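Fold and contact review
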Amino acid sequence: MKTDIILSGVGGQGILSVATIIGEAATRMGLTLKQAEVHGMSQRGGDVQSNLRLSDGCIASDLIPLGTADMILSLEPMEALRYLPYLATDGWIITSSVPFKNIPNYPDETELAAELGAQPRVVALDVEALARDNHIPRSANVILLGAASDFLKILDASTLRESVGCIFASKGEAVVEANLRAFDIGYDYVKQLNLNAL
Amino acid sequence: MKNNKLLLLGDQAIALGAIQAGISGVYAYPGTPSTEITEYIQDSPIARERHLHCTWCTNEKTAMEAALGVSYVGRRALVCMKHVGMNVCADAFVNSAITGVNGGIVVVAADDPTMHSSQNEQDSRFYGKFAMVPILEPSSQQEAYDMMDYAFELSEREKLPVLVRIVTRLAHSRAAVTVREKTAAVACTGRQSVSADWVLLPANARRRYLEVIAAQPCLLQLAEETLYNVLSGTESVEKAERGIIACGIGYNYVMECYPDGCPYPLLKISQYPLPVGKIACLAGACKEMLVVEDGQPFVEEQLRGILPSAYTVKGRLSGDLPRTGELDPDSVKEALGLKSAQVYVPAHNVVARPPALCNGCGHRDVYDALNRVAAEYPGAKIFGDIGCYTLGALPPFRALDSCVDMGASITMAKGAADAGQFPVIAVIGDSTFTHSGMTGLLDAVNDRANITVVISDNLTTAMTGGQDSAGTNKFEAICIGLGVEPEHVRVVVPLPKNMEEITRIIREEINYPGVSVIIPRRECMQTLNRKLKQKRAEKK
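Residues numbered from 1 in each chain as written. Chains lettered and ligands numbered in written order. Predicted model: local features only at pLDDT ≥ 70, side-chain atom pairs only at ≥ 80, totals over all residues. Heavy atoms only, no water.

So, on to the sheet that holds strand 3 (residues 77-82) of chain B. Residue and element names in this part refer to chain B. The sheet built from six strands is open, its strands ordered 2-3-4-6-5-11 with mixed pairing. The outermost strands of the open sheet, each flanked by one partner alone, are strand 2 (25-28) and strand 11 (271-272). Sheet topology places strand 5 (residues 135-136) next to strand 6 (residues 162-167); two bridges connect them, and they run parallel. Its bridge partner being in strand 6, Leu-136 is matched across the sheet by Val-164. (Pairing = 2+ DSSP bridges. Helix = DSSP H or I, 4+ residues; strand = E, 2+ residues; numbered from the N terminus.)

Quick look at the structure:
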């Protein structure tokens, strides 16, 4: 069994910390992992992506082939759509619905939301509003991870939740608690959607 | 012996492998995708305990030369750089084959095909062949780690530097690496260097060059026998439709296409010079050959001199693989005639999102001021350089007329001024200035060139993530020491509230007929925020 994930967002949004949590869980479960990251110039507010591959067997390539990713996990809706050609036809898009507009020609928001919504398997959630309303403004990315957790068949959600605790442990109890709550908020959000496919 | 598994970037695997091979130090200048090698050593408890050298060098040439000094006294040194850094240290690198080494030297060149963060796609393997030294090209993080021990032993046994060539997708990809628990003691050959080998006067150099040439058959033999070059699938009596040569990480893309095993004869190459015997054996087992190599067609070109001209060789030169850009599993799949998976059509509502200078960045105020003044001088030329501030070439600033190589802003400005251009402004960062700008400034001073040099000083090497900058707190002294008139070395604080003062000073210095230097100085927002975060955490 293998799970290939394209993580995407804008430089500085923190996709690499999401990757670190998934990586921790995968390592603890004894899975093989390869994760190609983007460093350098693009981290200055440009589009960034990471190829994260998990498997219970060998992984050859560090890069995911076109049309084979099981998930696009994105902190920004246009960045989710950018990698559509990498998604398998039965793959899921789990994305923040909040546009990050740092360019003058950002597409029309309504059209963008419509195109995203027209994809067959997509969960788009306003992670920033959820974070704000729950007074955990710094944990939007962990809410997104919680929302994705039930789709990552190769990892179980409870292991992933434990990894949230492990990764933030050095930052103190309050930070761990806020991020565990963020994870649960994302997880519950998807549960109440009652997606048949799950 | 107990083995541990660690999740490491390719860069980190190399760093740990080198520490465990008993290096005395790492010598490097930051450059994507090589930076994390040195950073790992800087953060390593063993390296700290052993006081291994790991501070940044001013440029790749000083790094390579310092490593030669380490080698001269019988100790091991690691040298790291991005591919274009090989151009900067080429003089020292090529001559290090002629001097030979005493303590092992391993030079890691991190190539960046697709130019994720670079100015060209040059393939460092050419430098290894040019200098006639062994080249290693790992295919995985594990191999990168394992190769370091091997590389230092090889270097000391053959008395030549060893080039390790990696690419972005290995340097910046993470995987589990099984590491040895044991770290070798800091190594020392205990041999004295023979000065006649190191004094490259023509008589000595001619003798040494013949010795380097005489060593080549042995290097070839090693490449034939090494466990890193593996030939498989040649047992069949009948000729296969095709054979494959896969170099470095190209091997991974081939194996991605054949999860149940490659159905063709396959030669994986991770050590050069090219094992011509193994290649002949592969050629005899198949009707044609596909070369899967990342970067430039280094192997494919050489095959045309190794195989009969009628033999079909496919690769990047023949057009079967793309001529430019990094390889990926899809381009390799296509070259192997395999069908790609069904793919969604690209979305409509997606536009490019180029990188930009951070909000609040001092470079922004520098470009704002330069654009205001340049508007008063139609035809003004602003020559740029390499770093975050190259982004000043993009909207909204569009302030730069050039960006070529480290330091070229000052020397191009001088050349343009020599040829009669006015006004001429050079924009260069603090780290780039000490890397390669100082010598050009001396040229300008000696010729009294009418140029205005802006050293945009953010107190760090920002582009690569905030490494120490060699000239911090020394720029006024350096410029005055090189002969710039002290009253024409001006320091400003790039903030919107100082715009009037900054533009006035730029105007004054443009109108001064000689070399002037303006130093806008304000800390990088990234390093500032990191420090503030750290302080907050310490308070807690």
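Looking now at the side chain of Arg-208 of chain B. All names here are of chain B. Looking at the element boundaries, Arg-208 is found in helix 11 (residues 202-214). A polar side-chain atom of Arg-208 sits 2.5 Å from the main-chain carbonyl oxygen of Ile-98. Apart from the residues lying within four places of it in its own chain, the contact partners of Arg-208 are Ala-97, Ile-98, Thr-99, Gly-100, Lys-159 and Asp-197. (Polar contact = N/O pair within 3.5 Å; in protein donor to acceptor, adjacent residues only side chain to side chain. Contact = heavy atoms within 4.5 Å.)

Opposite the 49 residues of chain A that make contact, chain B presents 47 residues. Summed over both sides, the interface between chain A and chain B buries roughly 4000 Å², with carbon and sulfur atoms accounting for 55% of that surface. When the shortest N-O distance is used, the salt bridge between Glu-76 of chain A and Arg-353 of chain B registers 3.2 Å. Of all elements in the fold, only strand 2 (32-36), strand 3 (47-55), helix 2 (77-82), strand 5 (87-96) and helix 3 (109-117) of chain A reach the threshold of two or more residues within the side of chain A that touches chain B. Classifying every residue of the side of chain A that touches chain B by side-chain character gives 21 nonpolar, 15 polar and 13 charged. Here strand 2 of chain A runs beside strand 7 (residues 173-180) of chain B; their pairing, made up of three bridges, is antiparallel. The residue of strand 7 of chain B that forms the bridge with Ala-36 of chain A is Ser-173 of chain B. (Buried area = accessible area lost by both parts, 1.4 Å probe. Salt bridge = Lys/Arg side-chain N within 4 Å of Asp/Glu carboxyl O. Nonpolar A, V, L, I, M, F, W, Y, C, P; charged D, E, K, R; others polar.)

Right, let's talk about the sheet that holds strand 17 (residues 489-492) of chain B for a bit. All names here are of chain B. As summarised here, the arrangement of the five strands in space is 14-15-16-18-17, forming an open sheet in which the pairing is parallel. The open sheet terminates on both sides in strands that have one partner only, identified here as strand 14 (381-383) and strand 17. Sheet twist, expressed as the average angle between the axes of neighbouring strands with direction ignored, equals 20 degrees. Across the sheet, helix 18 (residues 408-418) touches strand 14, strand 15 (424-429) and strand 16 (452-456), and the angle it forms with strand 15 is around 175 degrees. (Axes fitted to C-alpha atoms, helices over the stretch in contact; angles between N-to-C directions.)

On to the packing of aromatic side chains. All names here are of chain B. Applying the stated criterion across every chain yields a total of nine aromatic pairs over all chains. Judged by centre distance (6.1 Å) and plane angle (75 degrees), the ring pair of Tyr-258 and Tyr-264 falls under edge-to-face. Judged by relative accessible area, Tyr-258 falls into the buried class, the value being 9%. Seen in terms of ring centroids, Tyr-272 and Phe-298 are 5.6 Å apart; in terms of plane orientation they differ by 70 degrees. Their pairing is edge-to-face. Here Tyr-272, found in strand 11, pairs with Phe-298, found in helix 15 (residues 298-306); they are 26 residues apart in sequence, far enough to count as distant. Under the relative-accessibility criterion, Tyr-272 is labelled buried at 1%. An aromatic cluster is present here, built from Phe-126, Tyr-272 and Phe-298 joined pairwise through their rings. The ring of Tyr-264 carries the charged tip of Arg-242 above its face, separated from the ring centre by 5.1 Å. Here Lys-268 stacks its cationic end above the ring of Tyr-251, 5.9 Å away from the centre of that ring. (Phe/Tyr/Trp six-rings, centres within 6.5 Å; stacked < 30°, edge-to-face > 60°. Buried < 20%, exposed > 50% of the residue type's maximum accessible area, 1.4 Å probe, protein only. Lys NZ or Arg CZ within 6 Å of the ring centre and 35° of its normal.)

Each domain of chain B was delimited in the assignment, giving domain 1 (3-214), domain 2 (230-335) and domain 3 (362-527). One C-alpha centre belongs to domain 2 of chain B, the other to domain 3 of chain B, and the line joining them spans 48 Å. (Domains from an automatic or database assignment.)

Next up on the list: the pattern of salt bridges. Applying the stated criterion to the full structure yields 44 salt bridges over all chains. A salt bridge links Arg-82 of chain A to Asp-47 of chain A, with the shortest nitrogen-to-oxygen separation between them at 4.0 Å. Here Arg-82 of chain A, found in helix 2, pairs with Asp-47 of chain A, found in strand 3; they are 35 residues apart in sequence, far enough to count as distant. Note that Lys-531 of chain B is salt-bridged to Glu-523 of chain B, the shortest N-O span being 2.7 Å. Several salt bridges share partner residues, and in doing so they unite Asp-111, Asp-123, Arg-125, Glu-137, Arg-165 and Glu-293 of chain B into one network.

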